[in-house]
Each structure stands twice: as C-alpha cells, then as structure tokens.
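Tertiary structure, described
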Amino acid sequence: SAVISQKPSRDICQRGTSLTIQCQVDSQVTMMFWYRQQPGQSLTLIATANQGSEATYESGFVIDKFPISRPNLTFSTLTVSNMSPEDSSIYLCSVAPASGRGQETQYFGPGTRLLVL
Amino acid sequence: GENVEQHPSTLSVQEGDSAVIKCTYSDSASNYFPWYKQELGKGPQLIIDIRSNVGEKKDQRIAVTLNKTAKHFSLHITETQPEDSAVYFCAAEAGGFKTIFGAGTRLFVKA
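Residues numbered from 1 in each chain as written. Chains lettered and ligands numbered in written order. Predicted model: local features only at pLDDT ≥ 70, side-chain atom pairs only at ≥ 80, totals over all residues. Heavy atoms only, no water.

1. A short note on the side chain of Thr-48 of chain A
By secondary structure assignment, the location of Thr-48 of chain A is in strand β5 (residues 44-49). Ignoring any residue separated from it by four or fewer positions in sequence, one finds Thr-48 of chain A in contact with Met-31, Met-32, Phe-33, Ala-55 and Thr-56 of chain A. (Helix = DSSP H or I, 4+ residues; strand = E, 2+ residues; numbered from the N terminus. Contact = heavy atoms within 4.5 Å.)

Here you go:
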C-alpha cells in the first residue's frame, strides 16, 4: 500500500474564489486520481493525473474548472476554480502503485472537506 | 461503460450477527473487484478484493464471493462488531485503470 496525505484537510471558502488541494505520496506511483464525493454520495472520478502531461478528464469535468498538476511521481494538485456552493464536497486523491490491467488496486488519501459559502 | 449497483443502501444488524452487501456489474470484461470501508471523516480504506480467477476470498471475519456468470459479487461480514459501523463501497475495474464505485451501503451495528 501507500501512505497518502492531503492538504488542507478542510476549508471554508467564499464563492468565486479558488482552492488548491495538494496530494503527497510516500513512494513513487504510476497512477494518481482525483475524485469528488458529494455529501452522502459515492465517489465520482474527476480526472487521472498524468505525470509530465495534461490530465485526462472524465465527462462532466473540464480543465478550466479543475486544473490539475502532476510535476513528479509523488505529488499532485487539484484546483477548484471560481467556486460555487455546488462545489461543496469531499475531494479525494487516490493512487494505484502498480500498472497494467488487473493491477488497479487504489489507495485513498484522507480527503479534503470543502464548504463553499 | 461499466455500471455498478449496490444493495442495500442501509443495513442495520445486531452485534454478533452477519451482514451481507450485494453488488452487480455490467461489464463482463471486468476482472477486479475491490471493497472499501469509509468511516466518518476519513477516506475509503481497502478492506478486501477479489479477482475473476477466484470465486471466494476470506480474511478473518470478512469474505467476498464472486459469480462471474451472473455478474454478482458480495461482501460478507460475520460476528459484526460496533466498529464495523461505516459506509461500505463495492467497485469494479472498468479498464484504463478506472474503477467504478457502487452507491454505498451504510452499515449500523447495534451493541
């Protein structure tokens, strides 16, 4: 498994502002992902963070709203831009240490709890 | 694409009883099925997983079964304890390193 930390753990933000969430892993990993979990709901994949190239976004999520960086194999950031109350969610970073089909085990960070007023 | 359905949404059991959570998936090409436990205020934690070449896997009080023909898989928790109270998510790999999650089951274990 991998030890994953996220910063901040929680924040309260004003609408129209942006927040950058950091994800740090204790070892180099091939795959990193960002998920959103709305209150009482399941996990929805926002994007796959690719090292050295642009992130791959899922349907319904766009780079202008959720820019992602992945400068190396242990770190990634997700920015939630121009926030509205609808962005209030838990944002989760996950990693898959191994690559290849059948090696998709993902491990999650503790999450960032965001409230937008 | 892959779709995962999970039942029940809420499950309440008495301490010491068993709990069963069931999931179905749609993509016959899926070969990997993890289960996660999420406690309040924490991220999901992997508790057990199963691959398609195995029909059943057990780890102490937790077991998972897989029926590839019917595209069903289930989580069984025996001798439940209050600390088992949490939200449980089933999931299925969907190719391209993606994982699709079920809607979750909120388990309450009453002491």
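2. A closer look at the state of the cysteines
Residue and element names in this part refer to chain A. According to the stated counting rule, one finds two disulfides over all chains in the structure shown. Covalent S-S linkage joins Cys-23 and Cys-93, the inter-sulfur distance amounting to 1.9 Å. Here the disulfide of Cys-23 and Cys-93 is left-handed, its torsion about the S-S bond being about -65°. Remark: Cys-93 occurs in strand β9 (residues 89-96) and Cys-23 occurs in strand β3 (residues 19-25); sequence separation between them is 70 residues. Unpaired in terms of disulfides, Cys-13 finds its nearest cysteine sulfur in Cys-23, a separation of 18 Å. For Cys-13, a relative accessible area of 7% gives the class buried. (Disulfide = S-S within 2.5 Å. Buried < 20%, exposed > 50% of the residue type's maximum accessible area, 1.4 Å probe, protein only.)

3. Some thoughts on unusual backbone geometry
Between Lys-7 of chain A and Pro-8 of chain A the backbone carries a cis peptide bond, its omega angle lying at -10°. Take Pro-8 of chain A: it is sitting in the loop between β1 (4-7) and β2 (10-13). Following His-7 of chain B, the chain continues into Pro-8 of chain B via a peptide bond in cis, with omega recorded as -5°. With respect to the helices, strands and loops of the structure, Pro-8 of chain B is situated in the loop between β1 (4-7) and β2 (10-14). Even without being a glycine, Lys-71 of chain B presents a positive backbone phi close to 60°. With respect to the helices, strands and loops of the structure, Lys-71 of chain B is situated in the loop between β7 (62-67) and β8 (72-77). Overall, the relative accessible area of 25% leaves Lys-71 of chain B in the partly exposed class. Unlike most non-glycine residues, Glu-79 of chain B shows phi in positive territory, near 45°. Residue classification places Glu-79 of chain B among the exposed residues on the basis of a relative accessible area of 54%.

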